[in-house]
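Letter by letter, the chains look like this.
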Amino acid sequence: MLRWKRNLLVLWVGVFFTAASFYMVIPFLPIFLLEIDVHEHTELWAGILFSSAFFAGALSSPFWGRIADKYGRKPMIVRAGFALFIIYTLAAFVTNPYELLILRIMQGLLSGFIPGAIALVGTNTPTERVGYALSMIATASATGGIVGPLLGGVMAELVGNRLAFASAGFIVFLATFLIIFFVKEENFKPSKEKGSVKNDIKIAWSNRPLMLVMLLTIVTSCSILSIEPILPLYIVDLGGTTANASLLAGVVFSLPGIASVLFAPYWGKLADKIGFNRILFLGLLGGGLGTFSQIIFQNIWGFSITRFVFGIFFCAVFPALNGLVVKATAEDFRGRAFGLNQTANQIGGMIGPMLGGFLGGIFPAYSVFILTGVLLLAASAIAYQKDDGLKQMVFKKVMHGKQ
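Residues numbered from 1 in each chain as written. Predicted model: local features only at pLDDT ≥ 70, side-chain atom pairs only at ≥ 80, totals over all residues. Heavy atoms only, no water.

## Observations regarding the environment of Gly-349
With respect to the helices, strands and loops of the structure, Gly-349 is situated in helix α16 (residues 334–362). By relative accessible area, Gly-349 is classed as buried at 0%. Setting aside residues up to four positions removed in sequence, Gly-349 forms contacts with Ser-51, Phe-54, Ser-221, Cys-222 and Leu-225. (Helix = DSSP H or I, 4+ residues; strand = E, 2+ residues; numbered from the N terminus. Buried < 20%, exposed > 50% of the residue type's maximum accessible area, 1.4 Å probe, protein only. Contact = heavy atoms within 4.5 Å.)

## Describing the nonpolar core
Among the nonpolar cores identified, the biggest contains 87 residues, and Leu-11, Val-25, Phe-113, Ile-179 and Leu-280 are the most heavily contacted of them. Broken down by element, the residue count for this core peaks at eight residues, all from helix α1 (residues 3–25). What Phe-113 contacts, discounting residues up to four positions off in sequence, is Gly-14, Val-15, Thr-18, Ile-77, Ala-80, Gly-81, Leu-84, Ala-175, Thr-176 and Ile-179. Core analysis: the next-biggest nonpolar cluster, separate from the first, contains 17 residues, Ile-31, Tyr-234, Ile-235 and Val-368 among them. (Core = buried A, V, L, I, M, F, W, Y, C linked by side-chain atoms within 4.5 Å.)

## A word on the pattern of salt bridges
Any two side chains of opposite charge can pair, on the condition that their charged atoms come close. In this structure the tally under the stated criterion is five salt bridges. The shortest N-O distance in the salt bridge between Asp-200 and Arg-66 comes to 2.7 Å. With Asp-200 in helix α9 (residues 197–205) and Arg-66 in helix α3 (residues 42–71), this pair connects stretches of sequence that are 134 residues apart. The two residues Asp-200 and Arg-66 agree in class, both being buried. Asp-69 is the salt-bridge partner of Arg-336, the closest N and O atoms lying 2.8 Å from each other. Taken together, the positions of Arg-336 in helix α16 and Asp-69 in helix α3 put the pair 267 residues apart, joining distant regions of the chain. The class of Asp-69 is buried, set by a relative accessible area of 2%. One network of salt bridges, with partners in common, ties together Arg-66, Asp-69, Arg-73, Glu-185, Asp-200 and Arg-336. (Salt bridge = Lys/Arg side-chain N within 4 Å of Asp/Glu carboxyl O.)

Structure (structure tokens):
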């Protein structure tokens, strides 16, 4: 097996394990807050807990990106894996939201497993197969997003959320050992440039395509994560009962992941043919319309179907953004570019949950879906405006239709 294919296979398994561990516990934070007697301002606390890790990650990601360019992406993946193992294990013993908040901040400061895997794949895959490889990593994350909520929901019902935290730590521990023994980073040239994060930001600022990707990453991450704090409680309201709440939330959470597993490889192959820009536009447009459609149904079955349709399109977005990072940067700056883009992702992830938790605590829950849909459609408009080839193609079709 070619080295890049072997790396992709092992990283796929590692990302799957890590994503599964994340989704075993994080979607159920609002419900876990109720278990530790947080019955006032639950939505606001959920938003703070979601946002805290992203805030910390926004600060630390450029630093880890610079270290990755100097020492390699693999050591950064291993470091993040062991950090997550310790944090998840400690989370099983928290007794109040303040302890949980401290652990979430530490998670943001020290994590970076999946971004590291994306960077390693982006720099160790033949150029003509980058779209396919990045989409496969997306399916690994999505598959973990399917298994994680289901496994977490079942474990929460049978043995409680605390054991789910501990199990998540053990799973990411296994993923880390897979990377240590079976992944080999090739074509790595250590950056000898002496600089600082401030200098890296200046370099990125002068790179207009990279800055556009970072802007779209912020908007997209903010929009999609604004729903996360209120989604479990919204699902419970649609279901009409709090019985088996974690299991029901887990099933619905997994639906976009199932769609991603089925359709992300198709989007990746299409991206290698028609370009990441057009795939990004289609994903954002479909994701925005799919978000609005979730408001139409006031029953769990209709909502579940629209969540699946949303996942069909949205699974194209982040692989396309990662592909554009690869296209827009030189190899010796790519680790720092992914680090800065991860900061953009974390900034959006910080703003989104706080905004969603705030709106969900004051206005009806569907207002958060409206906000998400508007942001995704705005992002699709930006992607369209910056893709001259796409605009010309649309113009020609319009003119042909008039004739």
